[in-house]
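# Fold and geometry: a report
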Amino acid sequence: MTNAPGLLAAGRAPQASATGQQPSPLAAMPTEPAGLLQGDHVGNSSQGTSQLFLTTPLARGISGVFVWTALALTCHQIYLHLRSYTVPNEQRFIIRLLLIVPVYTLNSWLSLLLLGAHQHYIYLDSVRDCYEAFVIYSFLSLCFQYLGGESAIMAEIRGKPVGSSCLYGTCCLQGMSYSIGFLRFCKQATLQFCVVKPGMALVTIVLQAVGKYHDGDFNVRSGYLYVTLLYNASVSLALYALTLFYFATQELLRPFEPVLKFLTVKAVVFLSFWQGVLLAILERCGAIPEVQTVDGSRVGAGTLAAGYQNFIICIEMLFAAIALRYAFPCQVYSEKKDSSPAPTAAMQSISSGLKETMSPQDIVHDAIHNFSPAYQQYMQQATQEAPGPGAHPGGTGGGRKSRNVEKRMLIPSEEL
């Protein structure tokens, strides 16, 4: 009696089949295919997360090819300058400018390799950003050396009216004339960036450690908003000072072919900054969403935007290396070495030349000089190998005058 229901159920099944009635789809669906469908869904999800391009071997391989090609080109150019280190006062700044490629590429590539849930890239990017300030100062100092120092420049431009140009941002300076205060502003505007940028990098690291800094977070309680605003103001002031200096001395700098030099340095610094700002805005608008990687960790949208920034920089630095190779050739210095019967460079070896190049003592001295209250008592003249305006090693425009002792020219304080 206890098996009767089971027998009746068994008897009904053949009867239903015999009458041609189809079983219910839900009842007929086996459990195993359902499990397979769930497995396919999970598999597709995993496949979707694995398609994060920045973490794929393809992205790392492409960026690596660009990075190591740029490094090879730049290191070879630096070696050529160090081997023909005939004009240290100029080549010191040129090598500093060339080093922007190794600093940018290695930091960006390592940040790309370490892309993940943890924001390791912030520490690496801080090193890259600090060197950015070093580059702006070095370029302005190189221009000063080309023209023979402050007094040589002032002898050419003092008293001349400032031209009005919307392109160079001098519309509001109409009616003014150039003075030593103009050169002081250019130096101070670049030197302030050398102070502000490392300070902001340190603040960023501290805020990151306490969880108050996230890339792309424009919330008023986030440190990213204030760091970005201050950094934007500082870098804009420094680049504006470079533009003003170039506008005032473009005729004097013409023999040195400054256009490519100016555009290359400004593009590397300025475009990389605005790329980061644009990606941060896209992230804020939701165009760059948070993603989940294969290992289950979630990569924030700000971290992902920084990853795209680093990938783009890896690609761009190859073109920057090529542009810098044409902007700062070594031929003029090697020709000077070949034509000189005795070595004119003060450095005795490539290693000592590189060590002298990276010494920050000149920045410290320049900062003390330009921010000192006693600045109005004198202005400095370039020392050792100092060309007059329009002179260039191995080129036209006049010869050089060797100065072994620093010269200072008294100027009246009312010209400041």
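Residues numbered from 1 in each chain as written. Predicted model: local features only at pLDDT ≥ 70, side-chain atom pairs only at ≥ 80, totals over all residues. Heavy atoms only, no water.

Per an unreviewed UniProt entry, the chain is named Putative seven transmembrane receptor, and its organism is Desmodus rotundus.

The next subject is the overall build of the chain. Helix and strand counts for the chain stand at 15 helices and six strands. In the chain, which comprises 416 residues, the proportion classed as buried is 45%. Across the chain, every contact between residues at least 6 apart in sequence was considered, and the portion connecting residues at least 24 apart equals 76%. Carbon and sulfur atoms make up 64% of the accessible area of the chain, which totals about 21,000 Å². (Helix = DSSP H or I, 4+ residues; strand = E, 2+ residues; numbered from the N terminus. Buried < 20%, exposed > 50% of the residue type's maximum accessible area, 1.4 Å probe, protein only. Contact = heavy atoms within 4.5 Å. Areas by Shrake-Rupley, 256 points an atom, 1.4 Å probe, with all protein chains shown as cover.)

Phe-245 and Phe-328 are the most contacted members of the largest nonpolar core, which totals 71 residues. Sorting elements by how many residues they give to this core places helix α7 (residues 121-147) first, with 13 residues. Residues within four places of Phe-328 in sequence aside, it is in contact with Gln-77, His-81, Ile-94, Leu-97, Phe-139, Leu-142, Tyr-146 and Lys-261. Counting residues in hydrophobic clusters, the runner-up holds twelve residues, among them Leu-112, Leu-115, Phe-311 and Ile-315. (Core = buried A, V, L, I, M, F, W, Y, C linked by side-chain atoms within 4.5 Å.)

Now for the confidence of the model for the chain. Per-residue pLDDT for the chain has a mean of 73; in total, 70% of the residues score no lower than 70. Ignoring residues within four places in sequence, the model shows residues 1-50, a span with pLDDT below 50, making seven contacts including any to other chains. Contacts for the low-pLDDT stretch residues 376-416, under 50 throughout, to residues beyond four places or in other chains number 97 contacts. (pLDDT = per-residue confidence, 0-100.)

Next up on the list: the UniProt feature "transmembrane region" (unreviewed entry) in the chain. According to UniProt, the feature "transmembrane region" (unreviewed entry) maps to residues 62-82, 94-114, 134-155, 189-211, 223-247, 259-282 and 308-328 in the numbering used here. A distance of 36 Å separates the end C-alpha atoms of residues 223-247, which is 100% helix and 0% strand. (UniProt positions renumbered as here; feature names shortened; annotations may be inferred.)

The first and last C-alpha atoms of helix α4 (residues 57-83) sit 38 Å apart over 27 residues, in line with the 39 Å expected at 1.5 Å per residue. Of all the residues in α4, the buried ones are Ala-59, Ser-63, Gly-64, Val-67, Ala-70, Leu-71, Thr-74, Gln-77, Ile-78, Leu-80, His-81 and Leu-82. (Expected span 1.5 Å × (residues − 1).)

Our next topic: the packing of α4 against helix α5 (residues 88-98). Two elements in contact, α4 and α5, have axes whose closest approach is 10 Å; the angle formed by their N-to-C orientations is 170°. Between α4 and α5, the angle falls in the class roughly antiparallel. Every residue of α5 that contacts α4 at Thr-74, Gln-77, Ile-78, His-81 and Leu-82 is listed here: Gln-91, Ile-94, Ile-95 and Leu-98. In terms of residue class, the contact of α4 with α5 is made up of five nonpolar, four polar and no charged. (Axes fitted to C-alpha atoms, helices over the stretch in contact; angles between N-to-C directions. Parallel < 35°, antiparallel > 145°, perpendicular 65-115°, else oblique. Nonpolar A, V, L, I, M, F, W, Y, C, P; charged D, E, K, R; others polar.)

Tracing the backbone shows Phe-53 in the loop between α3 (31-49) and α4. For the pair Phe-53 and Tyr-308, spaced 255 residues apart in sequence, the C-alpha to C-alpha distance is 9.6 Å. Filtering out sequence-adjacent residues up to four positions away, Phe-53 remains in contact with Leu-58, Ala-59 and Phe-311.

With that out of the way, let us pick up helix α12 (residues 301-327). The end-to-end C-alpha separation of α12 is 37 Å, in line with the 39 Å expected for 27 residues at 1.5 Å each. Its axis deflected by about 30° at Glu-316, α12 carries its strongest bend there. (Bend = angle between axes of the 7 residues up to and from the residue.)

The next point concerns the pattern of salt bridges. Across all of its chains, the model carries one salt bridge by this definition. Taking the shortest distance from any N to any O, the salt bridge between Glu-251 and Arg-254 comes out at 2.6 Å. The pair Glu-251 / Arg-254 is uniform in exposure class, with both members exposed. (Salt bridge = Lys/Arg side-chain N within 4 Å of Asp/Glu carboxyl O.)

Now for the packing of aromatic side chains. Two numbers describe a pair of aromatic rings. These are the distance of the centres and the angle of the planes. For the structure shown, the criterion picks out ten aromatic pairs. Relative to Phe-311, the ring of Phe-53 has its centre 5.6 Å away and its plane inclined at 85°; by these criteria the two rings are edge-to-face. In this pair, Phe-53 sits in the loop between α3 and α4 while Phe-311 sits in helix α12, placing the two residues 258 residues apart along the sequence. Given the relative accessible area of 14%, Phe-311 is considered buried. Aromatic rings pair up to connect Phe-139, Tyr-246 and Phe-262 into one cluster. If you follow Arg-92 out to its NZ or CZ, it ends over the ring of Phe-93, 4.9 Å from the centre. Between Arg-128 and the ring centre of Tyr-104, over which it is positioned, the NZ or CZ distance is 5.7 Å. (Phe/Tyr/Trp six-rings, centres within 6.5 Å; stacked < 30°, edge-to-face > 60°. Lys NZ or Arg CZ within 6 Å of the ring centre and 35° of its normal.)

Between α5 and helix α6 (residues 100-113), the shortest axis-to-axis distance is 4 Å and the interhelical angle comes to 20°. The orientation of α5 relative to α6 falls into the category roughly parallel. Packed against α5, whose contacting residues are Arg-96, Leu-97 and Leu-98, the element α6 presents Ile-100, Val-101 and Pro-102 at the interface. Classifying every residue of the contact of α5 with α6 by side-chain character gives five nonpolar, no polar and one charged.

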